[in-house]
Amino acid sequence: MQFKQLFIQAGAACLLAAMQFSSAQANPVASPVNLPGTAIIIGGALKYDNDAVWKRIVDAAGGPGARFAVFATAAANPERSAAQIVNALNAQGARAEAIPVAPRLQGAELQANLNDPALLAKVAAAQGVFFSGGAQELIVDTLQPGGEPTEMLKAIWSVFKRGGVVAGTSAGAAIMSTTMFRDAQDALQVMKGDLRRGKEIDRGLGFVGPNLFIDQHFLKRGRIGRMLPLMQAEGYKLGLGVEENSAALLRGDELEVLGAKGVLLVDLSQASSTPKPAGFNIRNAQLSFLDRGDRHNFTSGLTTPSAAKLAGHAIDPAAAGFKPFFSNQPFFLDILGDTTILNAMSHLLDSPHAELLGVAFNGSSKSMDAQADLGFEFRLHKGEGSRGWFSGAMGGEDYTVLRLRLDVLPVLIKRPFYTPIGQTQSGAR
């Protein structure tokens, strides 16, 4: 029995090594991520009982006793937000303290606090910094007005550069890349061209470097629709969309996924587009979904699934004897819906089909949207290296999905696109 178990484990290890080698050779990363400190990027809606994330934040800064500077700069109620974060960190053994630098903090002298020597020294001496959620423009406008770093931002950077932790949730995640979404709630409108600097997009603080773009609330709010146009416009080859109540821990060139769900990794290194269609378009974007416990190396391109996935079911559509779970080929009418892109990716991987289609449109009238007839077709398809894993051990149907391709094309939505049975377009029966 012991020999059989060892044989199974050895076989799984060989399969994993083979899959990793294939992925690395087929998908080299042109611009690797290599951070001086640890960035912990939280997709928002982080629950205060999510110990898997809160404990790792404290552990990454040195464990119990680690000092944290908490910035509720983005919050609508900074005092309350800061207190909640301080309590959550201290519950894991940290020594966290709120730093009173927030435009909406009642009774605080913002400019004086930004330059206060005692506060600057306190931040610089910390092992970790935490940014709350809220409005990310308040963070950049406060700490980096006009693109120029304040002394407070320099103190935060000193923590990161000597190997400390910079963590942020929601708005605190958005500021991690060099370019961020400033205010772009409607992903479809971004696809239609609303991508103006100083309005929809702005400078971020850049903790993850110039080669990786970050977005948050990613699956819940269908933000693949806004990430792709920004990456294309700004020249990013790598994007990381972090789901709610989940986190991406980045250290050096390594990514580890924590929390309740996972992250979507977008690779445009082999993507192309054409100026001819009247709207955003892209071909051969590569999408991978990394679930909690999965790891990824940006230099080698290797993805290592969690132990639960390795103990589960490996999925390789190109393998002899592949037995897909799904047989149908659904059409997704709202590809930007809540978690729809992940559902489509998982379904396609574990099916016999080569592709799945979906569309993005809002159904508005011309009076509400000048481009109401403009929609977008999403075509997910398999390619070299498309594979993954499935596990039910964590209480759900959890997939890790590697290297599916995505094409997006503009389409015209004909009106009306449906009529009641027995009724003509003019309304007569």
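Residues numbered from 1 in each chain as written. Predicted model: local features only at pLDDT ≥ 70, side-chain atom pairs only at ≥ 80, totals over all residues. Heavy atoms only, no water.

1. Observations concerning the overall build of the protein chain
Then step 1. In terms of regular secondary structure, the protein chain is built from 12 helices and 21 strands.
Then step 2. Computed over its C-alpha atoms, the radius of gyration of the protein chain comes to 23 Å, within 12% of the 22 Å expected for a compact globule of 429 residues.
Then step 3. In terms of its C-alpha atoms, the protein chain occupies a principal-axis envelope of roughly 70 × 70 × 35 Å.
Then step 4. Burial statistics for the protein chain: of 429 residues in total, 52% are counted as buried.
Then step 5. When contacts within the protein chain are restricted to residue pairs at least 6 apart in sequence, long-range pairs at least 24 apart make up 74% of them.
Then step 6. Approximately 18400 Å² of the protein chain is accessible, and the part contributed by carbon and sulfur atoms is 53%.
Then step 7. Between the averaged position of the 40 positive side-chain charges in the protein chain and that of its 38 negative side-chain charges there is a distance of 2 Å. (Helix = DSSP H or I, 4+ residues; strand = E, 2+ residues; numbered from the N terminus. Rg over C-alpha atoms; globule rule 2.2 N^0.38 Å. Buried < 20%, exposed > 50% of the residue type's maximum accessible area, 1.4 Å probe, protein only. Contact = heavy atoms within 4.5 Å. Areas by Shrake-Rupley, 256 points an atom, 1.4 Å probe, with all protein chains shown as cover. Lys, Arg positive; Asp, Glu negative; His and termini not counted. Charge placed at Lys NZ, Arg CZ, Asp CG, Glu CD.)

2. Re the environment of Gly63
Then step 1. Tracing the sequence through the fold places Gly63 in the loop between helix H2 (51–60) and strand E2 (67–71).
Then step 2. Between the C-alpha atom of Gly63 and that of Ala118, which follows or precedes it by 55 residues, the distance is 24 Å.

3. Details of the pattern of salt bridges
Then step 1. In total, this model carries 18 salt bridges according to the counting rule given.
Then step 2. Note that Asp338 is salt-bridged to Lys220, the shortest N-O span being 2.9 Å. Of the two residues, Asp338 is situated in the loop between strand E17 (331–332) and helix H12 (340–349) and Lys220 in the loop between strand E8 (212–215) and helix H10 (224–234); the sequence distance between them amounts to 118 residues.
Then step 3. A salt bridge links Arg292 to Asp398, with the nearest nitrogen and oxygen atoms 3.2 Å apart. With Arg292 in the loop between strand E13 (282–291) and strand E14 (295–297) and Asp398 in strand E21 (residues 398–412), this pair connects stretches of sequence that are 106 residues apart.
Then step 4. A residue is classified by how much of its surface remains accessible, and Asp398, at 5% relative accessible area, is buried.
Then step 5. Here the residues in one salt-bridge network are Arg56, Glu256 and Arg295, joined through shared partners. (Salt bridge = Lys/Arg side-chain N within 4 Å of Asp/Glu carboxyl O.)

4. Points about unusual backbone geometry
Then step 1. Cis rather than trans, the peptide bond between Arg415 and Pro416 has omega equal to -15°.
Then step 2. Considering the arrangement of structural elements, one finds Pro416 in the segment after E21.
Then step 3. Here the phi dihedral of Thr339 falls at roughly 65°; this positive angle occurs in a residue that is not glycine.
Then step 4. Counting through the fold element by element, Thr339 comes out in the loop between E17 and H12.

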